[in-house]
Amino acid sequence: MDSVAKALEEVLSSALPQGCITVGVYEAAKSLNVDPDNVVLCLLATDEEQVEDVALQIHFTLIQAFCCENDINILRVSNMRRLAEILGGVKPGGEPMDMHCVLVTNPQLTTWKDPALSKVNLFCRDSRILDQWVPIINLPD
C-alpha cells in the first residue's frame, strides 16, 4: 500500500507542472461534465472531522457515480494536509484551496504514459476485482 501512496505522490508531482490537475469539488464537477474522457484519475479526500459532512458526502456520491459510469479510476485519500503540501494547497492571494476532490487529466497534446500512473491504475483495477470500488490510500507524512 505504501508503494501505491508513493506512486500517487509521483503522479501528482509530475501532473502539477503540466497543468493536469483540477482541484475542488465544483471545479472537478465542471471538468467532468465538459471532458470526462480526458480524466485519468479522481481523488476524493477527507479528514476525520469531515467524514460526517452530509453535503460533502452527497457530492462524493455523485462524483463517484459519474466516474464509475465513465470508467474513471477513483481513490479515497486520507491526510488532506499532505495532499495540500504536494499540490501547493493555497490559491493566489493566500486563500486555501478546496482539496476534497482532485482530478488528474491527460496533458493537452499527448496521452500520458507514466509508470507511477500505471501503478495507481493497476491498484484501482485490482481493488475493483476485490469489490472495493473506491479504495482508500493514506498519504504518508
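Here, every reference points to the structure presented above.
Residues numbered from 1 in each chain as written. Predicted model: local features only at pLDDT ≥ 70, side-chain atom pairs only at ≥ 80, totals over all residues. Heavy atoms only, no water.

(A) Inspection of the overall build of the chain at higher detail. A count of helices and strands for the chain gives five helices and five strands. Computed over C-alpha atoms, the radius of gyration of the chain comes to 14 Å, within 12% of the 14 Å expected from 2.2 N^0.38 for 141 residues, which places it in the range of a compact globule. Projected onto its principal axes, the C-alpha positions of the chain cover 35 × 35 × 35 Å. Split into buried and exposed, the 141 residues of the chain put 47% on the buried side. Relative to all contacts within the chain whose residues are 6 or more apart in sequence, the contacts with residues 24 or more apart total 81%. For the chain, the accessible surface area stands at approximately 7,900 Å², while carbon and sulfur atoms represent 54% of it. (Helix = DSSP H or I, 4+ residues; strand = E, 2+ residues; numbered from the N terminus. Rg over C-alpha atoms; globule rule 2.2 N^0.38 Å. Buried < 20%, exposed > 50% of the residue type's maximum accessible area, 1.4 Å probe, protein only. Contact = heavy atoms within 4.5 Å. Areas by Shrake-Rupley, 256 points an atom, 1.4 Å probe, with all protein chains shown as cover.)

(B) Just the nonpolar core, in detail. Core analysis: the largest hydrophobic core is formed by 30 residues, its most contacted members being Leu8, Leu12, Leu41, Leu43, Leu75, Leu83 and Leu87. Going through the elements one at a time, helix 1 (2-15), strand 1 (21-23), strand 2 (39-45), strand 3 (74-78), helix 4 (80-87), strand 4 (101-105) and helix 5 (115-129) are the ones with two or more residues in this core. Here the element with the most residues in this core is helix 1; it accounts for seven residues. Discounting chain neighbours no more than four positions away, the residues touching Leu41 are Leu8, Ile72, Asn73, Leu75, Val102, Leu103, Val104, Val120 and Cys124. Core analysis: the second largest hydrophobic core is formed by 15 residues, Phe60, Ile74, Cys101 and Leu103 among them. (Core = buried A, V, L, I, M, F, W, Y, C linked by side-chain atoms within 4.5 Å.)

(C) Representation of unusual backbone geometry in the model. Its identity is not glycine, yet Asp71 carries a phi of approximately 55 degrees, on the positive side. Its location among the elements puts Asp71 in the loop between helix 3 (54-69) and strand 3. Residue Asn79 is not a glycine yet carries a positive backbone phi of 75 degrees. Assignment of secondary structure puts Asn79 in the loop between strand 3 and helix 4.

(D) Geometry of the packing of helix 1 against helix 5. Between helix 1 and helix 5, whose axes approach to 8 Å, the crossing angle comes to 130 degrees. Taken together, helix 1 and helix 5 sit at an angle that is classed as oblique. For the element pair helix 1 and helix 5, the recorded crossing hand is left-handed. Residues Ser3, Val4, Ala7, Leu8, Glu10 and Val11 of helix 1 form the contact with helix 5, whose participating residues are Ala116, Leu117, Lys119, Val120 and Phe123. (Axes fitted to C-alpha atoms, helices over the stretch in contact; angles between N-to-C directions. Parallel < 35°, antiparallel > 145°, perpendicular 65-115°, else oblique. Left-handed = near helix turned anticlockwise from the far one by under 90°.)

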